[in-house]
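# Report on the structure
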Amino acid sequence: MVIRALSNEPCSASLVSSFPPLPLKTSASATLSDVDITPLSGTSEGVTLGVCSHVRDFHNSVVTEVFAQRDELLCQMRVLSSDVVDPSVSTQTRRRRHVSDWISNLSNALANSGWPRTARWRITNFGLVLGLAVTVAWAVTGAGYFWAGWVWLGMVVPFALLRTVRRALRTQGPRPLAVHGAVSLVLGATGIFVWLLSGLRYFWPMWLMIGLAVAFSTHAWVVPLFSSDREQALHQRVDVLTRSRREALDVQEAELRRLERDLHDGAQAQLVSLGMNLGMADDLLDTDPVEARRLIIEARTGAADALADLRSLVRGIYPPVLADRGLDGAIQALVLAAAIPVQASIDLPDARLSPPVESSVYFAVAEALTNVVKHSGAKSAWIQVRYRDGMLTATVRDDGLGGADPTRGTGLGGIERRLSAFDGTLDIYSPLGGPTTIYMEVPCEL
Amino acid sequence: MRVVIAEDHALLRDGLVRLLSAHGFEVVEAVEDGPSALTSLIGHRPDVAVVDVRLPPTFSNEGLVAAIEARRQVPGLPILVLSQYVESLYARELLSDGIGGVGYLLKDRVMDVSQFVDAVRRVAGGGTVMDPEFISQLLVKRAADEPLSRLTPREREVLALIAEGRSNAAVAAGLFVSEKAISKHIANIFMKLDLPPSEDDNRRVMAVLAYLNSRTALR
């Protein structure tokens with residue numbers, strides 16, 4: 001359907017950039033076979049195949065991509081919409097959902113009901129020829145009362161209705177309202193047309209138009225009142241997703257910069273100086289073996305430093321023990337390395353969780369534990385990590401002074417941003433005087 | 001002395017072969033993945049083996065797994081495990097059988113040839129060699145920890161050295177004090193850490209790990 005909208009335009013490169021926004025409530029079952037690109041190869045719009053074939057190939061790939069993305073998006077939105085709406089919401093909501101599903105199905109059917117373009121063109125041409133024929137007949141028969149106008153009306157009204165409704169269905173706003181508006185417009189125009197044909201007497205279409213306008217504005221006023229919880233929830237959801245996606249990208253970007261800087265200032269510089277030392281040692285080997293030896297030893301120290309740097313860098317990217325042993329082993333390793341005694345209770349499934357989730361939870365727990373050691377003054381800490389019903393939870397508790405504030409410093413805020421990329425949450429209970437409990441929760445399928 | 005090497009990087013593998021051969025070891029086999037490492041360890045029963053933690057096919061901790069399995073089948077088979085990073089968890093697993101003849105070193109240590117060769121010999125002789133970084137992790141990070149904070153700086157130095165698998169004589173030489181003084185330090189350390197004193201090299205490292213384990217009840 002999207003693509004038909006596209007193919008209404010003549011072939012031009014701007015098509016790609018002027019993609020109409022993807023409607024959210026369309027059928028996820030649309031496939032490439034729905035894609036109608038006949039006008040591109042047809043001659044009805046005066047476009048030759050030769051000029052356009054490469055553009056069409058490009059279109060095809062773009063089209064495939066867009067469909068794939070849209071289907072995925074729709075799938076996600078479906079899942080989300082079923083997620084965000086509590087199933088226990090009143091039956092009214094549920095009924096409304098049925099109605100809206102029904103409307104959505106109907107509108108999809110309507111939207112997809114267009115004939116193939118060539119057929120449509122043939123019908124349009126037929127209509128034009130017929131209209132001209134009756135007009136000529138009217139003129140030949142004395143050009144009296146313009147009865148041919150009624151033939152025109154009969155042909156134009158269905159066509160206009162189809163066009164406007166189809167256009168309305170592509171709206172981003174509420175579809176029923178858009179369709180209502182489209183139908184009202186066509187009805188109003190029809191009224192004026194009929195008034196014109198019936199002799200320009202008393203302007204009765206005024207009442208029709210007022211009626212339509214009142215009905216439409218009532219609809220427009222009522223829609224937001226009853227706009228379902230689901231829609232609002234979806235809107236909020238989209239906002240949250242937009243924000244968390246941006247934040248996740250920012251975090252990633254910052255991490256990459258840090259890596260680049262660390263490599264540049266650390267290992268790279270050390271290797272350069274190491275190579276330099278070895279080169280000088282090579283020069284001095286015959287003339288000054290003592291100095292050469294000193295340089296070689298220095299080079300060896302440099303190599304060891306570079307290795308140590310790289311090691312800490314690698315730990316920061318993806319701790320090797322996490323790669324080897326998963327979250328369970330990695331948290332045990334954290335516990336072993338902690339500066340204060342830590343008790344850990346880990347209850348995770350044997351199957352590995354998704355690596356990005358594992359890594360974000362690992363870094364979150366590591367950061368929380370670092371905070372405990374650095375700031376809380378705690379003597380001991382407890383970690384509990386478990387997986388239940390698609391939810392991974394981690395709790396880090398200490399016996400310290402409390403008063404942890406996520407708005408100060410970047411540590412806890414960083415954890416929160418990191419987790420939010422997976423719809424995870426972070427809760428901190430840290431009254432002054434302690435103790436502090438940090439509770440993390442990330443939904444995660446196996 | 002017969003030695004088996006398991007290392008997947010060709011450069012490092014060849015380097016190790018050359019290095020150990022040059023120091024009088026006989027390299028009976030140099031393998032490059034986990035399964036063949038296990039086969040070779042069991043088959044050859046070398047005097048000592050040098051095994052990389054991360055090996056194909058999974059490139060996780062195959063080497064460590066092979067080492068532990070080989071030592072399960074052949075208790076006390078001397079194995080020195082090399083790694084790009086030191087992980088307390090792995091050290092604990094390696095040492096958990098309580099038998100000596102095991103080592104865990106950073107790959108960096110290969111650069112100091114004489115120390116490395118010395119470490120291989122100590123493992124072959126049934127000693128326990130832990131990387132200094134692991135020891136310092138243990139000591140520095142746990143400085144805030146109460147029992148360890150009872151140790152004097154000198155006692156910590158001694159603990160670090162004995163955990164590296166050094167004999168009393170070596171520790172004494174390293175710290176420029178008499179062997180008798182070292183024995184006294186060690187006795188003090190064990191007392192302060194509430195551990196029964198022992199003269200045995202391995203049991204001393206085990207004591208450090210027992211201490212580590214006692215403070216971290218897992219699961």
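### Comments concerning the overall build of chain A
A tally of helices and strands in chain A yields 14 helices and five strands. Taking all 446 residues of chain A together, 34% fall into the buried category. Sequence-distant contacts in chain A: of pairs separated by 6 or more residues, those separated by 24 or more amount to 66%. Summed over its atoms, the accessible surface of chain A is roughly 25100 Å², and 64% of this surface lies on carbon and sulfur atoms.

### What to know about the packing of aromatic side chains
Residues and elements named next belong to chain A. Applying the stated criterion across every chain yields a total of three aromatic pairs over all chains. Arranged with centres 4.7 Å apart and planes meeting at 85 degrees, the rings of Trp-195 and Phe-203 form a pair that is edge-to-face. Given a relative accessible area of 16%, Trp-195 falls into the buried group. Note that Arg-397 overlies the ring of Trp-382, its terminal NZ or CZ placed 4.8 Å from the centroid.

### Side note on the sheet that holds strand β3 (residues 48-52) of chain B
Residue and element names in this part refer to chain B. Strand order across the open sheet formed by six strands is β2-β1-β3-β4-β5-β6, with parallel pairing between neighbours. Edge positions in the open sheet fall to β2 (26-31) and β6 (128-130), since each of these has one partner strand only. With strand direction ignored, the average angle separating the axes of adjacent strands in the sheet is 15 degrees. In terms of strand pairing, strand β5 (residues 102-106) meets β6 through three bridges, oriented parallel. Its bridge partner being in β6, Val-102 is matched across the sheet by Thr-128.

### A closer look at the pairing of β5 of chain B
Residues and elements named next belong to chain B. For β5, a buried count of five out of five residues is recorded, marking the element as mostly surrounded by other parts of the structure. Side chains of β5 alternate between two faces, with Val-102, Tyr-104 and Leu-106 and Gly-103 and Leu-105 buried alike. Bridging between strand β4 (residues 79-83) and β5 involves five bridges; their strand directions are parallel. Looking at the pairing, Ile-79 lines up with Val-102 of β5. Note that the unit made of β4, helix α4 (residues 88-95) and β5 has a crossover that is right-handed. Handedness of the β-α-β unit built from β5, helix α5 (residues 113-124) and β6 comes out left-handed.

Quick notes on the rules
- Residues numbered from 1 in each chain as written.
- Chains lettered and ligands numbered in written order.
- Predicted model: local features only at pLDDT ≥ 70, side-chain atom pairs only at ≥ 80, totals over all residues.
- Heavy atoms only, no water.
- Helix = DSSP H or I, 4+ residues; strand = E, 2+ residues; numbered from the N terminus.
- Buried < 20%, exposed > 50% of the residue type's maximum accessible area, 1.4 Å probe, protein only.
- Contact = heavy atoms within 4.5 Å.
- Areas by Shrake-Rupley, 256 points an atom, 1.4 Å probe, with all protein chains shown as cover.
- Phe/Tyr/Trp six-rings, centres within 6.5 Å; stacked < 30°, edge-to-face > 60°.
- Lys NZ or Arg CZ within 6 Å of the ring centre and 35° of its normal.
- Pairing = 2+ DSSP bridges.
- Axes fitted to C-alpha atoms, helices over the stretch in contact; angles between N-to-C directions.
- Right-handed = clockwise from strand over helix to strand, strands pointing away.

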